[in-house]
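An overview of the molecular structure
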Amino acid sequence: MKAIWRVFRKEFGETLRERRSLITTLVVGPLLMPALIGVVLSLAIRHSGTPSSRPMALAVAHAERAPQLMAFLAQYGVRIEAVHADRRQSRRRVERSHGPLLYVPRDFGARLASGKPAALRLYADESNRAVQGRVRRLSTLIGLYGGTIARLRLVARGLDPQLLTPIALHPIDVSTPQSRAALALGMLSYAILFTMLMSGLYIAIDATAGERERGSLEPLLTMPVRREHLVYGKMLAACAMMVISLVLTVAAFAFAMRHIGLDRLGMSVNFGPAVAAGIVLGCLPLIPAGAALMTLVASFTRSYREAQTYVGLVLLIPTLPLIFASIMGLQPRAALMAVPSLSQHFIIMSLLRAQPLPALDIAISATVSLALGAVLMFLAGRLYRRENLLG
Amino acid sequence: MIEARGLTKRFGALTAVDSVALRAVDGRITGLLGPNGAGKSTTLRMLYTVLAPDGGEAWIDGISVVHAPLEARRRMGVLPHGAGLYPNLTARENIEYFGTLQGLSRAVRRARAAELIERLEMATFADRPAKGFSQGQRVKTALARALIHQPRNVLLDEPTNGLDVMAVRTLRRLLGELRAEGHCILFSSHVMQEVAALCDEVIIIAAGTVIVQATPDELRARAGTQSLEEAFVRLVGLEGEGGPA
């Protein structure tokens, strides 16, 4: 048992001097990931308001020729900016990358009064995506205004205005700001789990492929220490790195989330110290399983490079349940809490949403994850005793 | 004292080592000589308990490597082929780490590491990370690491490979000193001059079997030649070709 501690101390100390693993643990995890998710989330927040409710500026030439239309548009949040321009100037103005411009011809009022189609000119550069959206919104609004006039004309002639709408399509948008943000928050739990695993990668690979490649495995095996104790010590060191990374990453997320305004999504910004501590505690039981899984996979490979490739692929495994969960809209229940990594995802989400899970669910998650870790660590120990470990 | 009887190792259909018997006594340097692929490394690996024999047994100071490998390891210092160090640890830390694994107390580790560093002339690089070491510096560090627990028996697999002249001289001097102190030294080589210069006893191994164990003088007498190299070629040839030509 003492040997496990001795190996642990050396591996942990040595890793703290290894630049690659330190960058993974201290930089990628706690800094890069929160920054990335923060950007995605704040973009989600910025685009979360429904388009029709946001005010929109529109330049109008000769607004005075269509006062009722202008009043109608203003009602729907269009801010009219009257400009003085003839048709040629209007065109040039839009070409010089201004927003869309509505030009009201001189005969607009007269044609409308006489029941003839009254033309409006909308100058816009539709290669610009933002302008496309405004043009679409404007067409809808003007169509709506025209429809109202058409109905009034029918009524004036004694006809049922419903004749004009043989089909009524009602698009119903059920997306809510929360559901749009759910995807980004799903990424958050993925980012936490992924960076946590990543930081154990170096030691896990080093235990077999690394030691073998640099030729230090054979001398190590001549020490009066049981082989499985060597690998247990190494896996514990990997776990320690993962704990450090987990704590730093969650702390960084807690900091980042407070500064991007999740409340504008109607989400709980309840990412204080208590929630952060809860997330750390919820994820801890997954650490031994992660360290052992990476060590196991690395022990089958022939070189450090090969190990990096395979272990990198293995890191995707914990993400699969998360993807299924978001595609299938899975909700936490006892059976699902027995799936490691998925259960940690549920725990993180429930804490962020301030919808606590039953204690039983959390107990299942911790027990199953720890049991899996114990089994995988035992297997890794057994594999370390194989003779062809030396390659 | 290292002894083996009937030591056998198979890799699939290939019998790498076939019923090897040998004996290396205290206070002498025994050389395991043979062409590449003769089974020298496999034999040593079984002796230092990294490989388990498929047949036969070996004893280090009378302790079975098959039945009490941990106890046997305590009595051995091993320099395997291609001595790998931990690149982020200094030479001194590499040496002391093995002292830790041997269960030495901190004070003892420190003192012994310092002593070995001086003895192997490592002072100039002892506190540098092993990352950029030359082959000579690596072998010295690995050797010091193998000797940290003052083992009675020292096993070395091709220790002079890739060493420059100065490093080889240091190594020879150290092995000579260890012999004088009464250690049992067993090392493998495929270089005749190496063996001739160092060994009190030579074990010639070819195609996985021991052909002869004798002193260099006995070997020359047996092969009827004054040159050890000629003796080696003749003795290996005899066995290899299935009889004299």
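Report follows, based on the coordinates. (Residues numbered from 1 in each chain as written. Chains lettered and ligands numbered in written order. Predicted model: local features only at pLDDT ≥ 70, side-chain atom pairs only at ≥ 80, totals over all residues. Heavy atoms only, no water.)

1. Quick word on the sheet that holds strand β1 (residues 2-11) of chain B
All names here are of chain B. Operational definition: By this definition, two strands are paired if DSSP reports at least two bridges between them. For the purposes of this entry, the term helix denotes a DSSP run of H or I that reaches at least four residues, the term strand denotes a run of E that reaches at least two, and both are numbered from the N terminus.
With respect to topology, 4 strands assemble into an open sheet ordered β2-β1-β4-β5, the strand pairing being antiparallel. Each end of this open sheet is capped by a strand with a single partner; those strands are β2 (14-24) and β5 (63-64). Pairing between strand β4 (residues 55-60) and β5: 2 bridges, direction antiparallel. Each residue of the ladder has a partner; that of W59, found in β5, is S64.

2. A word on the interface of chain B and chain A
Short version of the rule: Any two residues whose heavy atoms approach within 4.5 Å are treated as being in contact. A quick way to say it: buried area is the sum, across both parts, of accessible area lost when two parts are put together, with a 1.4 Å probe. A side-chain nitrogen of Lys or Arg and a carboxyl oxygen of Asp or Glu constitute a salt bridge if their distance falls within 4 Å. Within 3.5 Å is the distance limit for a polar contact, defined as a pair of N or O atoms, with the added protein rule that one can donate a hydrogen and the other accept it, and that residues adjacent in sequence qualify only through two side-chain atoms. For this classification, the nonpolar set comprises Ala, Val, Leu, Ile, Met, Phe, Trp, Tyr, Cys and Pro, the charged set comprises Asp, Glu, Lys and Arg, and every other residue, Gly included, is treated as polar.
If you look at the interface, chain B gives 28 residues, while chain A gives 24 residues. Between chain B and chain A the total buried area reaches about 2,600 Å² when both faces are included, carbon and sulfur atoms providing 56% of it. The largest contributions to the chain B side of the interface with chain A come from Y86, N88 and L101 of chain B, which together make up 25% of the buried area. Taken together, the connections running from chain B to chain A amount to 2 salt bridges. One salt bridge in this structure joins R45 of chain B and E218 of chain A, with 2.8 Å as the shortest N-O distance. Put simply, chain B and chain A have 12 residue pairs in polar contact (both at pLDDT 80 or more) between them. Elements with a contribution of two residues or more to the side of chain B that touches chain A: α2 (69-74) and α3 (91-101) of chain B. Ranked by the residues each element gives to the side of chain B that touches chain A, the list is headed by α3 of chain B, at 5 residues. Taken together, the residues that form the side of chain B that touches chain A break down as 15 nonpolar, 7 polar and 6 charged.

3. Points about the packing of aromatic side chains
Going by this rule: Between 30 and 60 degrees the pair is tilted, below 30 it is stacked and above 60 it is edge-to-face, where a pair is any two Phe, Tyr or Trp rings, Trp via its six-membered ring, whose centres lie within 6.5 Å. Any Lys NZ or Arg CZ that is within 6 Å of a ring centre and within 35 degrees of that ring's normal is treated as a charge sitting over the ring.
Under the criterion given, the structure shown has 8 aromatic pairs over all chains. Each member of the aromatic cluster is reached from another via a ring pair, and the members are W5, F8 and F12 of chain A. Sitting over the face of the ring of Y86 of chain B, K10 of chain A holds its NZ or CZ atom 3.2 Å from the ring centroid. Positioned above the aromatic ring of F98 of chain B, the side-chain terminus of R145 of chain B is 4.4 Å from the ring centre.

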